[in-house]
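Close look at the chain arrangement
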Amino acid sequence: MELAKAYDPRAAEEHHYKRWEDNGFFAPEINQDPNAASFSIVIPPPNVTGSLHMGHALQHTLMDVLTRWKRMQGYRTLWLPGTDHAGISVQRKIVEQLRSDGKTPLEIGREEFIARAWKWKEQYGDTITEQMRREGASVDWSRQRFTMDESLSAAVREVFCTLYEQGWIYRGLRIVNWCPKDKTVLSDLEVKEETKKDGKLWYLKYPIAGTGRTLTVATTRPETMLGDTAVAVNPSDERYRDLVGKSIDLPLTGRQIAIVADEYVDAEFGTGAVKVTPAHDPNDYQIGQRHDLEQLLVMNDDGTMNTAAGRDFEGLDRFKAREKVVERFESLGLLEKIDDYEVTLPVCERCKTVVEPILSEQWFVKMDEMRDMALELIRDKGVPHFFPQVPHEKVYTAWLENLKDWTISRQLWWGHQIPAWYDKDGNVFVARSEEEAREKAGSDELTRDPDVLDTWFSSGLWAFSTFGWNGQVTETADLEAFLPTDVLVTGRDIIFLWVSRMIMLTRKFTGKKAFEDVVVTGTVLGKDGKPMSKSRNNGVDPLEMFDKFGVDATRIYLASIATGADIKWNDLLIETYRNFANKIWNATRFCLLNADEASVEKAALGEVGLPLADRWIVSRLNQTEIDLNLALGKYEFHTAVSLLYHFFWDDLCDWYIELKKDEITSGDQAASTRIVTIIEQALRMLHPFMPYLTEELWQKLPGTGSSLHNHAYSSAEGTIMLADFPTGEAGLIDGAAEKEMGAVIDLIKKVRNIRAEMTISPSIKFTIHIAASAPDQEIFKANEAQILKLARAEKLIISDVLAAPKASAKAVTNEARIAISLEGLIDFEKEKARLSNQIGKLTEEKARLEGQLGNSNFVEKAPKEKVTALRERASELDAQISALQTNLDSLI
RNA sequence: GCCGUCUUAGCUCAGCGGUAGAGCACUCGCUUCACACGCGAUAGGUCAGAAGUUCAAAUCUUCUAGACGGCACCA
């Protein structure tokens, strides 16, 4: 078998995915074991307008690792893919598209608009799903879902109606977050804070009616004064007590407003007098409620001032209006002063427009009942279990405790239109269909509420709507098999927005948990240490990384990031794993060079009397498998990667294959069979991380096929992705072999060290003298050929006492005293320095140990095995130091 | 304001109560018949600072400094 000289990721990526998909390997139905337990993950549905970014690549990698791992273990495994309809984003795309055609949404009408949106979705909505195929994601495409699929939409209607009927959903006039650009309301979670250091605080003088005096109020939004309907002061504020009950002649408006006393006002802050604009500020709204104040709306939905703002201001943008109000106050002599003031502005998460708090009639969900259910789950049962637990469990719990009503209506056309109808008197009828609404209303003249629901309302149902629940159908085989899902892998930015809501809605409507575990990934930052973003232009495209380093390298690099940790992007690190892939490729290639009659054969590893290296690698392999399964079980992907990396590179390549080189090149078929068997098993444990490379190599190994499959997949066509995942057998961990191999490795390393330090050319082959105990001598004798090979020596002389010429370099290990004859090569000064250096290091360690052992508190209180271990180490050090010292003395 | 995280080798990061680790970069040496995307060998850290708990602290506690995150408030 002849393999190419270097691994070409592209070639492997091209055909394997198609074969896996076409053969149905990703679907749970591939599992033929009727008793198989289920394992399921639902994907956090990416936005249909999106394309793959590094955050997706990271999350998808972890989900795929888990899915492939569980599938190989024989679970009936489902990773369900899909996308969400992204209300605002799609809406914006269509509006832009129309604008370039010189049209507006109103001109074409709702129906045409939605038709265009669907067309857009058909055309571009698959970008991300195609990119997922490139990633190697083993999702079941036959179960792909979209939040606006008919069944998922029915689920939305059902949930809305049920919550309404139970009194959890209501329609009300509240101060909401309004985005004047998108012309829709936003939930609190879709609003972000932006600090502006160059903000201002304007002090406006309001004339007190009939007094000739003024009362100064401070504001950051002067234009809202046009909607003022009161001024409030604290009731216990002596300065203003006499003013309560009097009126203000509100400038620029000709209106007279009251001065009221309200506890909300902080007498210490500003002037102690607050202008009250109930229709444009949440706190003012509350004051207005308490004092029965008029709610005067002075703005339109696009952020311009409306008729109520007065003729001079009508039609002006809110910021222009602000300037004009300030100018007017100044010319009236009513502007007291302007202070610099750092303000935090609420901005729309998506378009960064300053959000306007505005009085508006919207639909809300009262979260009390669901919140309590979720709190009970996390507090009493610890569900979901967050990985990492700190800080997410606490943050999540605290958020739930302070949960407010959720604004769910959006002034958009693209999405799930609210199933509510109004009769001509404005009475509302919530119903699952228009027919039902007509029945309830007893009228045919109904108008449907034009608004749609928040996209997160539908994605909140994702854990069960995707399995067929839609209100009519509440029991399906998939719900039974796959809900609760096992784990959710997602970013921390949507824990509140999505994860928490899914937990609550799933519990409420199915009585089940949405998932047991939540793996929270960190953020992949740009090279500058800031989150990747278009505006910073510091993004790294996963597809470019796939092209440059291969999908597998990118995947295993992403998996190597500690769970939940942020990481600064660095190409060099992927390169490490590109090199890793190539290393594995070449190791396999080498082992197959002369292995024409070898074949994967599990029994070959269990034979008695195997050489040390074989017993050792089997032990290392099994230990790695055990540790790997433990790490994955705890979602410690980075530990898993490190185990794999070190097993393949250090144990397998640097030692085992190097030790076996002669056997491989000479065509020893028994040895090759063992090597091939070990590689095959190792590839299996690597497969979840590097699916393409491992499949490519596995297919080339002699003797691979469906016979190696987990029993659940015995009838499927041969593929590593259905092979049995190695569990590691404790019985195959061979302590003696590890210890003996350790002695051999230590010896070889010391000899190499001498060669390097004494700058002896690798081409010079010298004689190694060693002295060791009788049992250790046996070990060295048995491995003479290997030692000579790896130490690049020509002769090994083993005896009870070290007999070496004076012109030699010396070293010691725990098991051996070593001398290299260097007749004509040795530099005595160098050798002296080398020995002194080593003695120095060991003496330092010895001093530390003696300090500890001399401490009676330590000896009394520390665990006995600790003390014993230190004593042993101390005596080893003693022996080594004195041997080195003897060597040094002989040189002087 | 409240809650929380981070600060470890030049860089990017693991480790989180028992002798400081990895990859990359650096230094030295290698056309050693799989791999230079490689091989071998070094060097490099008072684990941000201070105090405390402990026989033992990078690891636990408290404080300080710097970086950052979430929530609340913002006239």
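Below is a short write-up of the structure. The model shown is predicted, which means the values in this text are computed figures rather than measured ones. (Residues numbered from 1 in each chain as written. Chains lettered and ligands numbered in written order. Predicted model: local features only at pLDDT ≥ 70, side-chain atom pairs only at ≥ 80, totals over all residues. Heavy atoms only, no water.)

**Description of the sheet that holds strand S8 (residues 200–207)**
Put simply, the test is: Between any two strands, pairing holds if DSSP finds at least two bridges. Under the scheme used here, helices are H or I runs from DSSP no shorter than 4 residues and strands are E runs no shorter than 2 residues, and both carry numbers assigned from the N terminus. Between N-to-C directions, angles span 0 to 180 degrees; the directions come from axes that are lines fitted to C-alpha atoms, helices contributing only their stretch in contact. What makes two residues a contact is simply this: any of their non-hydrogen atoms within 4.5 Å.
Sheet architecture is open: three strands sit in the order S9-S8-S14, paired in antiparallel fashion. Edge positions in the open sheet fall to strand S9 (214–219) and strand S14 (335–340), since each of these has one partner strand only. Within the sheet, the average angular offset between the axes of one strand and its neighbour, ignoring direction, is 20°. The sheet contact formed by S8 and S14 spans five bridges and is antiparallel. Paired with Tyr 203 across the two strands is Lys 337, which belongs to S14. Helix H8 (residues 318–331) contacts S8 and S14 of the sheet and is inclined by roughly 50° relative to S8.

**Notes on the protein's contact with RNA strand B**
Using the following cut-off: A cutoff of 4 Å decides nearness: a residue is near a molecule or strand if any of its heavy atoms lies inside that distance of it. Here a polar contact means two N or O atoms within 3.5 Å. Within protein one must be a hydrogen donor candidate and the other an acceptor candidate, and residues neighboring in sequence count only if both atoms are side-chain atoms.
Of all residues adjacent to RNA strand B, which total 60 residues, the nearest are Ala 218, Asn 283, Thr 344, Thr 576 and Arg 589. The sugar-phosphate backbone supplies 67% of the atoms of RNA strand B found within 4 Å of the protein. Glu 658 has a polar side-chain atom sitting 2.8 Å from a base nitrogen of RNA strand B. Contact between RNA strand B and Arg 848: a sugar or linking oxygen at 2.7 Å from a side-chain N or O atom of the residue. In terms of residue count, helix H18 (residues 571–592) provides more of the surface near RNA strand B than any other element does, 11 residues in total.

**A look at empty space enclosed by the protein**
Rules: For each structure, a 1 Å grid was placed over the protein atoms alone; sets of points admitting a 1.4 Å probe that cannot get out are labelled cavities, open sets with protein on both sides within 12 Å along at least five of seven lines are labelled pockets, and lining residues have an atom within 4 Å of a point. Grid points are joined across faces, edges and corners, and a volume is the space filled by probe spheres set on the points. For this scheme, ten residues count as nonpolar: Ala, Val, Leu, Ile, Met, Phe, Trp, Tyr, Cys and Pro. Four count as charged, namely Asp, Glu, Lys and Arg, and the remainder, Gly too, count as polar.
Considering all chains together, one arrives at two cavities of 30 Å³ or more under this definition. Within this model, the largest cavity holds a volume of roughly 50 Å³. Lining the largest cavity are Leu 58, Leu 62, Thr 521, Gly 522, Leu 558, Ile 561, Ala 562, Thr 563, Gly 564 and Ala 565. Taken together, the residues of the lining of the largest cavity sort by class into six nonpolar, four polar and no charged. Taken as a whole, the second largest cavity holds about 40 Å³ of empty space. Of the residues belonging to the lining of the second largest cavity, the class tally is six nonpolar, one polar and no charged.

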